[in-house]
Amino acid sequence: MIVFDLICRDGGHQFEGWFGSSGDYAEQQAAGLIDCPSCGCNTVDKAVMAPNVGIKGNQRSGVKPVSESVESGPTEMGASKENEQSMAKAVTLPAEVQEMVGKLAKAQAEMLEQSEWVGGDFPEEARAIHYGEKDAAPIHGTASPDDVAELEEEGIDVVPLPLPVTPPEAQN
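Quick summary incoming for the structure in this document.

### Considering the packing of aromatic side chains
For the structure shown, the criterion picks out 3 aromatic pairs. Here F19 and Y25 contribute two aromatic rings whose centre-to-centre distance is 5.2 Å and whose plane-to-plane angle is 75°, an arrangement assigned as edge-to-face. Exposure class is identical for F19 and Y25. Each is buried. Through a chain of ring-to-ring contacts, the aromatic side chains of F4, F19 and Y25 assemble into a single cluster. Sitting over the face of the ring of F4, K46 holds its NZ or CZ atom 4.1 Å from the ring centroid.

### What to know about helix α3 (residues 95–113)
For α3, spanning 19 residues, the distance from its first C-alpha to its last is 27 Å, which sits close to the expected 27 Å at 1.5 Å a residue. Of all the residues in α3, the buried ones are V101, Q108 and L112. Down the axis of α3, the buried set is contained in an arc of 35°. They therefore lie on one face. Opposite the buried face of α3, at more than 90 degrees from it, the exposed residues are A95, E96, M100, K103, K106 and E113. Against β2 (14–19) and β7 (139–141) lie the buried residues of α3.

About the cut-offs
Note that residues are indexed from 1 along each chain, following the sequence as it is written. pLDDT decides what is reported in this predicted model: residues at 70 or higher carry local features, side-chain atom pairs at 80 or more are listed and counted, and totals for whole chains, interfaces and linings draw on all residues regardless. Excluding hydrogens and water, the side-chain figures rest on all heavy atoms present in the structure. The rule is short: rings of Phe, Tyr and Trp, with Trp giving its six-membered ring, pair when the centres are within 6.5 Å, and they are stacked under 30 degrees, edge-to-face over 60, tilted in between. Think of it in three bands: with a 1.4 Å probe and only protein chains considered, a residue is buried below 20% of the maximum accessible area for its type, exposed above 50%, and partly exposed in between. Two limits define a charge over a ring: the Lys NZ or Arg CZ must be within 6 Å of the ring centre, and within 35 degrees of the ring normal. In this text, helices come from DSSP runs of H or I with a minimum length of four residues, and strands from runs of E with a minimum of two, each type numbered from the N-terminal end. Expected span of a helix: the number of residues minus one, times 1.5 Å. In this description, the arc belongs to the directions extending from the helix axis to the C-beta atoms. We call two residues in contact whenever any of their non-hydrogen atoms come within 4.5 Å of each other.

Shown next, in the form of structure tokens:
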């Protein structure tokens, strides 16, 4: 697995993309199969990142430090200098953490296959199930922090997903 910081040309939105290899990214990008989760555009490029250089063999091992890129002016995609600086940091995770995140992503994907996407109707759907107006079924969707607080006050259990989810209408 490889993780790239990506940015859409239309809105300058930054997000992560996980790919099997650099070649998988290149194929998907060339085919226009990568969409921005914020605005849905499919004109997406890799964001500016500094390379991560490993430590020498005779130095302490462990977590590699955060790499920072050199400051520069606005990008050709129209991102502000402030945006560019915020997206210029990259962190290399230890192999154990990468493996754990991969397992977590796989478990979440399997769980979501058994669940119905209800989008922004999540609070209403959760209430309907809780109060017996609908048959019990696993659902997932979006809710504001205020909606979540109200659901919890009503005794309705709500669990946030550990990893971001792309709504079905935004997927290819």
